[in-house]
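# Overview (structure and organization)
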Amino acid sequence: MTGPGELWLPGLIREPSANSDERPAGIEVDLLVIHNISLPPGKFGGGYISDLFLNRLDPGAHPYFAEIADLRVSAHLLIRRDGSARQFVPLDRRAWHAGVSSFCGRERCNDYSIGIELEGSDEVPYTEAQYRQLHILTAEVRSLFPAIAPERVVGHSDIAPGRKTDPGPHFDWTRFREAIAHRGGGADYISES
Ligand SMILES: [Zn+2]
């Protein structure tokens, strides 16, 4: 087992984000939260998501960016449209992805969860490559944190209802849950393209 702040997955691009901190002492990571994000909203490609998580988003590059450039947010992992993945926060640290949230009556989901962002929106389907990578990364995360039972893999909309809608109506939960069930805890890890 690695020490605190060292849990980086092999084979992924690492972009360490300052928007993270230590988890509360003694916490068990037992929740996985699926999100979507696109910057500007509905536009894919480019490096703006990384820029946001790395606190270097240019507020002048788009009107929307001026509203969000000062946000201090992150996620552990991001899967882009081509299926390539990058990691911003070591899995043993707390990323700032969930905001005000609760799961089964327990608040502050950031304390005890892993956050995976899919580059996408509520308006369009995700790509095949994204599902493939998500299945692999989910298996990897669950092998590291076995307390993340299948029913503890949720959407942001599940833990912040009324405030958040992601990953949205196009996310195929049936397919994803079947993949989780069939893969079990062991990951056939493949490095990104
Ligand atoms: Zn979200």
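Shown above is the structure to which this text applies.
Read on for an overview of the structure. Since the model is a prediction, treat every value here as computed from it, not as a measurement.

## Let's talk about the pairing of strand 3 (residues 31-37)
Of all the seven residues making up strand 3, seven are buried; the element is thus mostly covered by neighbouring parts of the structure. What you see with strand 3 is no split at all: L31, V33, H35 and I37 on one side and L32, I34 and N36 on the other are buried throughout. Taken together, the three bridges between strand 3 and strand 10 (residues 153-155) define a ladder with parallel strand orientation. From the neighbouring strand, I34 faces strand 10, where its bridge partner is G155.

## Quick word on helix 3 (residues 128-144)
End to end, helix 3 covers 25 Å across 17 residues, agreeing with the expected 24 Å (1.5 Å per residue, within 8%). Of all 17 residues in helix 3, 13 are buried; the element is thus mostly enclosed.

## Looking at the layout of surface pockets
When its volume is computed, the largest pocket comes out at roughly 630 Å³. Lining of the largest pocket is provided by 28 residues; of these, N36, I37, Y64, K164 and D166 occupy positions nearest its centre. Of all the elements in the fold, those that place two or more residues in the lining of the largest pocket are strand 3, helix 1 (48-53) and helix 2 (63-68). If you tally residues by element for the lining of the largest pocket, the top one is strand 3, at three residues. Split into classes, the residues belonging to the lining of the largest pocket amount to 11 nonpolar, 11 polar and six charged.

## Side note on the sheet that holds strand 3
One open sheet holds the six strands; their spatial order is 1-5-4-9-3-10, and the pairing between them is mixed. One side of each edge strand has no neighbouring strand; the edge strands of this open sheet are strand 1 (13-14) and strand 10. In the sheet, strand 3 pairs with strand 9 (residues 113-119) via seven bridges, with the strands oriented parallel. In the sheet register, L31 faces strand 9, and the bridge partner there is S113.

## Digging into the pattern of salt bridges
As enumerated under the stated definition, the model contains eight salt bridges in all. Here D21 and R94 are joined by a salt bridge, their closest N and O atoms 2.7 Å apart. Here D21, found in strand 2 (residues 20-22), pairs with R94, found in strand 6 (residues 93-95); they are 73 residues apart in sequence, far enough to count as distant. What makes D21 partly exposed here is its relative accessible area of 24%. In this structure, the salt-bridge partner of D111 is R108, at a minimum N-O distance of 3.5 Å. Owing to a relative accessible area of 10%, D111 belongs among the buried residues under this scheme. The exposed category is assigned to R108, whose relative accessible area is 56%. Connected via shared salt-bridge partners are D21, R94, R108 and D111.

## Details of the packing of aromatic side chains
By convention here, two paired aromatic rings are described through the distance between centres and the angle between planes. With the rule as written, the count across this model stands at eight aromatic pairs. Each ring, one from F171 and one from F176, has its centre 5.5 Å from the other, and the planes form 75°; the classification is edge-to-face. You'll find F171 and F176 in the same group, each marked buried. Through pairs of rings, three or more aromatic residues link up here, namely Y126, Y131, F171, W173 and F176. In this arrangement the basic side chain of R106 is found over the ring face of Y112, its NZ or CZ atom lying 3.6 Å from the centre.

## Focus on unusual backbone geometry
Put simply, L39 and P40 share a cis peptide bond, and its omega is -15°. Structurally, P40 can be placed in the loop between strand 3 and helix 1. At the junction of D166 and P167, the peptide bond is cis and its omega measures out at 10° in the coordinates. Checked against the element boundaries, P167 lands in the loop between helix 4 (156-159) and helix 5 (173-183). A positive phi is found at N55, a non-glycine position, where the angle reads about 60°. Residue position: N55 is located in the loop between helix 1 and helix 2. Given a relative accessible area of 30%, N55 falls into the partly exposed group.

Cut-offs applied
Residues numbered from 1 in each chain as written. Predicted model: local features only at pLDDT ≥ 70, side-chain atom pairs only at ≥ 80, totals over all residues. Heavy atoms only, no water. Buried < 20%, exposed > 50% of the residue type's maximum accessible area, 1.4 Å probe, protein only. Helix = DSSP H or I, 4+ residues; strand = E, 2+ residues; numbered from the N terminus. Pairing = 2+ DSSP bridges. Expected span 1.5 Å × (residues − 1). 1 Å grid on protein atoms, 1.4 Å probe; cavity = no way out; pocket = protein on both sides within 12 Å on 5 of 7 lines; lining within 4 Å. Points joined across faces, edges and corners; volume = space filled by probe spheres on them. Nonpolar A, V, L, I, M, F, W, Y, C, P; charged D, E, K, R; others polar. Salt bridge = Lys/Arg side-chain N within 4 Å of Asp/Glu carboxyl O. Phe/Tyr/Trp six-rings, centres within 6.5 Å; stacked < 30°, edge-to-face > 60°. Lys NZ or Arg CZ within 6 Å of the ring centre and 35° of its normal.

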